[in-house]
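Each chain, letter by letter, is given below.
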Amino acid sequence: MIAVTFALPQESSAFLRALRGQRRAEGWIGGSIGAAQVLVAHTGMGLESAAAKTEALLAEARPERLLSGGFAGALDPRLRLGDVLAATNFSAPELLTPLGDSIHRGVLVSRPRPLELVEEKSALFRETGALAVDMETAAIAAACARAGVPLLSLRAISDRADQALPAPLAEWFDLARQRPRPRRLLMYLWRRPAAIAPFVRFVRGLPVARKALTAAMIACVEGLAG
């Protein structure tokens, strides 16, 4: 059985529509993709939530391998919106081998908060040489290593290296409670009308990233099952 994780439902929605024979339990959704038996869970956003949810999932479900998917911010200027990256530093080598040429391979780094400024992304790129940054994979990889479960980490680029995030994380998501803050976000945008157009562009790009991520995740599940 293959466990598949996403941070948030906004990342998993298209993948779940492809999941056949769905059965729901507390903490995950089971079903099949082709011949593969799959269990889908959400880790929440951030290293702390990802660590706790992944450890619980591995202890209770005991999957043979784990496929972790989600969005990431590009650090390498060559990566475009919707490009998919396989994290070579977090993934088991044997799970990287079957991946197609359309998936980029390289280092992914995880940080406790998103990099909101272009200058922050540039500095981290120079410091680490990593291609992209997210907020969960390091914790997921550590949990998988402790449990002896091979991991394949895929991330779709949701914002380019030259693209600043249109609103600070604290204005649209409550990490402690793991839930969005729509009213606070609306107030932030109302007070800063210049941020509205960049925010709209960012939101319109998310379906592009989600579509690419979903296609890559389904292909990987089918490949792992074969």
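Residues numbered from 1 in each chain as written. Predicted model: local features only at pLDDT ≥ 70, side-chain atom pairs only at ≥ 80, totals over all residues. Heavy atoms only, no water.

A. Just the packing of aromatic side chains, in detail. Throughout the structure, instances matching the rule amount to two aromatic pairs. Each ring, one from Phe6 and one from Phe15, has its centre 5.6 Å from the other, and the planes form 55°; the classification is tilted. Relative accessible area serves as the criterion here: at 0%, Phe15 is assigned to the buried category. (Phe/Tyr/Trp six-rings, centres within 6.5 Å; stacked < 30°, edge-to-face > 60°. Buried < 20%, exposed > 50% of the residue type's maximum accessible area, 1.4 Å probe, protein only.)

B. The arrangement of the side chain of Asp159 in detail. In this fold, Asp159 is placed in strand β10 (residues 151–159). Asp159 gets classed as buried once you look at its relative accessible area, which sits at 6%. Within the structure, the side chain of Asp159 is placed 2.6 Å from the side chain of Lys121, a separation counted as a polar contact. When neighbours within four sequence positions are excluded, Asp159 is seen to be in contact with Ala72, Gly73, Ala74, Lys121, Leu165 and Phe202. (Helix = DSSP H or I, 4+ residues; strand = E, 2+ residues; numbered from the N terminus. Polar contact = N/O pair within 3.5 Å; in protein donor to acceptor, adjacent residues only side chain to side chain. Contact = heavy atoms within 4.5 Å.)

C. View of the packing of helix α2 (residues 47–61) against helix α5 (residues 137–147). Here α2 crosses α5 at 30°, and the two axes come no closer than 8 Å. Relative to α5, the element α2 is oriented roughly parallel. Crossing hand, α2 versus α5: right-handed. Contacts between α2 and α5 pair Leu47, Ala50, Ala51, Thr54, Glu55 and Leu58 from the former with Ala138, Ala139, Ile140, Ala143, Cys144, Arg146 and Ala147 from the latter. Grouping the constituent residues of the contact of α2 with α5 by class yields 10 nonpolar, one polar and two charged. (Axes fitted to C-alpha atoms, helices over the stretch in contact; angles between N-to-C directions. Parallel < 35°, antiparallel > 145°, perpendicular 65-115°, else oblique. Left-handed = near helix turned anticlockwise from the far one by under 90°. Nonpolar A, V, L, I, M, F, W, Y, C, P; charged D, E, K, R; others polar.)

D. Structural detail: the layout of surface pockets. Taken as a whole, the largest pocket holds about 760 Å³ of empty space. Along the walls of the largest pocket sit 32 residues, with Met45, Phe71, Trp172, Phe202 and Leu206 positioned nearest its centre. At the level of secondary structure, the elements contributing two or more residues to the lining of the largest pocket comprise α1 (9–17), β5 (65–74), β9 (132–134), β10, α6 (169–172), α7 (182–191) and α8 (196–225). Broken down by element, the lining of the largest pocket gets its largest block of residues, five residues, from α8. Counted by class, the lining of the largest pocket contains 22 nonpolar, three polar and seven charged residues. For the second largest pocket, the calculated volume is near 270 Å³. Around the second largest pocket sit 18 residues that line it, and Gly27, His42, Thr43, Gly44 and Lys53 are the ones nearest its centre. Of all the secondary-structure elements, those providing two or more residues to the lining of the second largest pocket are α1, β4 (36–42) and α2. If one sorts the elements of the lining of the second largest pocket by residue count, α2 sits on top with four residues. (1 Å grid on protein atoms, 1.4 Å probe; cavity = no way out; pocket = protein on both sides within 12 Å on 5 of 7 lines; lining within 4 Å. Points joined across faces, edges and corners; volume = space filled by probe spheres on them.)

E. Molecular detail of empty space enclosed by the protein. One pass over the full model with this rule turns up one cavity of 30 Å³ or more. Estimates place the volume of the largest cavity at around 30 Å³. Looking at the largest cavity, the residues that line it are Thr5, Phe6, Ala7, Glu11, Thr43, Ser68, Gly69, Gly70, Glu136, Ile140 and Arg155. The set of elements that each furnish at least two residues to the lining of the largest cavity consists of β1 (2–6) and β5. By residue number, the principal contributor to the lining of the largest cavity is β5, which donates three residues. Among the residues forming the lining of the largest cavity, the class breakdown is three nonpolar, five polar and three charged.

F. Representation of the packing of α1 against α8 in the model. Between α1 and α8, whose axes approach to 9 Å, the crossing angle comes to 55°. Judged by the inter-axis angle, α1 sits oblique to α8. Remark: the crossing between α1 and α8 carries right-handed chirality. Between α1, through Gln10, Glu11, Ser13, Ala14 and Phe15, and α8, the contact on the second element is made entirely by Arg210, Leu213, Thr214, Met217, Ile218 and Val221. Of the residues that constitute the contact of α1 with α8, the class distribution is six nonpolar, three polar and two charged.

G. Quick peek at the pairing of strand β2 (residues 20–25). A small share of β2 lies buried, amounting to zero of its six residues. Of the strand pairs in this sheet, β2 and strand β3 (residues 28–33) are connected by four bridges, and their pairing is antiparallel. The residue bridging Ala25 from the neighbouring strand is Trp28, located in β3. In this antiparallel pair of consecutive strands, β2 and β3, the connection spans two residues, and Gly27 shows a positive phi of 100°. (Pairing = 2+ DSSP bridges.)

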